[in-house]
Amino acid sequence: TTAGSQPKIVSSGSTILENGKAAVEFDGVNDYLFDSFGSGLSQPINIYNVATYPSKSSSRYFFDSDGYPRFTMVRENTRLRLYAGVPLDLQESAYTFNTGQQYLFSVSGNGYSSYISVNGDIEINGNAGTDGMDAITIGTRYSISGYGNIKYQELIIFENTSNKSGIETNINDFYSIY
């Protein structure tokens, strides 16, 4: 990540806040963060993220890996997608998302037992594929396109089937999302 593509944590001399808590703001134009892992993660992978919902666009990425293996969460047109080799889509007609609203999104990549959870409730489950992760790109696609105009507050990655309800309860207790 270069200085020109770094997300903001301060605006006009004040810490950026969402719901009264500090946030990292990705502008949806050129901001992203990238980190390569020392070794790859294999499924099951659970990712918990506190973020605002991006504006409607062809593709707005929350996070992605680095190409292959591919593990990603993206807003595409009218759906929220988890992809780990096979798309698992939560259609916006099945869940009403509000652009700019804070949510706790939990995704689990675990083959046919994968799911997308919103604010503590599993909204869709099924097969998202079996890809793992060997890096993470936050705020854009691995190819540095499809930037997300997102405020992030938390991103937790577990390489196991972690205690979903306990983790989500702790996160919600701190952020008061739902």
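Our subject is the structure listed above.
As a starting point, this report considers the structure included with it. (Residues numbered from 1 in each chain as written. Predicted model: local features only at pLDDT ≥ 70, side-chain atom pairs only at ≥ 80, totals over all residues. Heavy atoms only, no water.)

1. What to know about the sheet that holds strand S7 (residues 45–52)
Keep this limit in mind: Should DSSP find at least two bridges between two strands, the strands are regarded as paired. Think of it this way: any DSSP run of H or I at least four residues long counts as a helix, any run of E at least two long counts as a strand, and we number them from the N terminus. Two residues qualify as a contact provided that any one of their heavy atoms is within 4.5 Å of a heavy atom in the partner residue. Lines fitted to the C-alpha atoms define the axes, with helices restricted to the stretch that makes contact. Angles between their N-to-C directions range from 0 to 180 degrees.
Taken in spatial order, the 6 strands make up an open sheet running S5-S16-S7-S12-S13-S14, and their pairing is antiparallel. Edge positions in the open sheet fall to strand S5 (24–25) and strand S14 (121–126), since each of these has one partner strand only. Helix-sheet contacts for helix H1 (residues 164–175) involve S7, strand S12 (102–109), strand S13 (114–118), S14 and strand S16 (151–158), and the interaxial angle to S7 is about 20°.

2. Points about the packing of aromatic side chains
To keep things clear, this is the line we draw: For Phe, Tyr and Trp, rings pair up if their centres lie within 6.5 Å, where Trp contributes its six-membered ring, and each pair is then called stacked (planes under 30 degrees apart), edge-to-face (over 60) or tilted (otherwise). Burial status follows relative accessibility: with a 1.4 Å probe on protein chains alone, a residue under 20% of its type maximum counts as buried, one over 50% as exposed, and anything between as partly exposed. Whether a charge sits over a ring depends on NZ of Lys or CZ of Arg being within 6 Å of the ring centre and within 35 degrees of the ring normal.
Per the counting criterion, the structure on display carries 13 aromatic pairs. On the numbers, 4.3 Å between centres and 5° between planes, the contact of Tyr-53 with Phe-97 is stacked. Here the residue Tyr-53 occupies a position in the loop between S7 and strand S8 (60–64), and Phe-97 occupies one in the loop between strand S11 (87–91) and S12, the gap between them amounting to 44 residues. Here Tyr-53 matches Phe-97 in class, with each residue buried. The interplanar angle of 45° and the centroid separation of 4.7 Å between the aromatic rings of Tyr-95 and Phe-97 together place this pair among those described as tilted. The positively charged end of Lys-21 is found above the aromatic ring belonging to Phe-174, 4.2 Å away from the centroid.

3. Focus: the pairing of S8
In terms of burial, S8 is largely enclosed, as 5 of its 5 residues are buried. Examined bridge by bridge, S8 and strand S15 (residues 133–138) share 2 bridges and lie antiparallel to one another. Counted as the bridge partner of Phe-63 is Ile-138 from S15.

4. Describing the pattern of salt bridges
Applicable threshold: By definition here, a salt bridge exists when the distance from a side-chain nitrogen of Lys or Arg to a carboxyl oxygen of Asp or Glu is within 4 Å.
Counted according to the given criterion, the structure contains 9 salt bridges. A salt bridge links Glu-92 to Arg-75; the nearest nitrogen and oxygen atoms lie 2.7 Å apart. With Glu-92 in the loop between S11 and S12 and Arg-75 in strand S9 (residues 72–76), this pair connects stretches of sequence that are 17 residues apart. Classification of Glu-92 by relative accessible area gives buried; the value is 12%. Residues Arg-81 and Asp-89 are paired through a salt bridge, measuring 2.7 Å at the closest nitrogen-oxygen approach. Both residues of the pair, Arg-81 and Asp-89, belong to the buried class. Beyond isolated ion pairs, a larger network of salt bridges with shared partners links Glu-76, Arg-79, Arg-81 and Asp-89.

5. Things to note about H1
Short version of the rule: To estimate how far a helix should reach, multiply one less than its number of residues by 1.5 Å. Directions are taken from the helix axis to each C-beta atom, and the arc is the one they span.
Its 12 residues give H1 an end-to-end C-alpha distance of 16 Å, which sits within 8% of 16 Å, the value for a rise of 1.5 Å per residue. Turning to H1, its buried residues are Lys-164, Ile-167, Glu-168, Ile-171, Asn-172 and Tyr-175. Considered in projection along H1, the buried side chains sweep an arc of 130° and stay on one side of the axis. Opposite the packed face of H1, turned more than 90 degrees from it, sit the exposed residues Asn-170 and Asp-173. Taken together, the buried residues of H1 touch strand S4 (21–22), S7, S12, S13, S14 and S16. Positive phi shows up at Ser-176, right after H1, with a value of about 55°.

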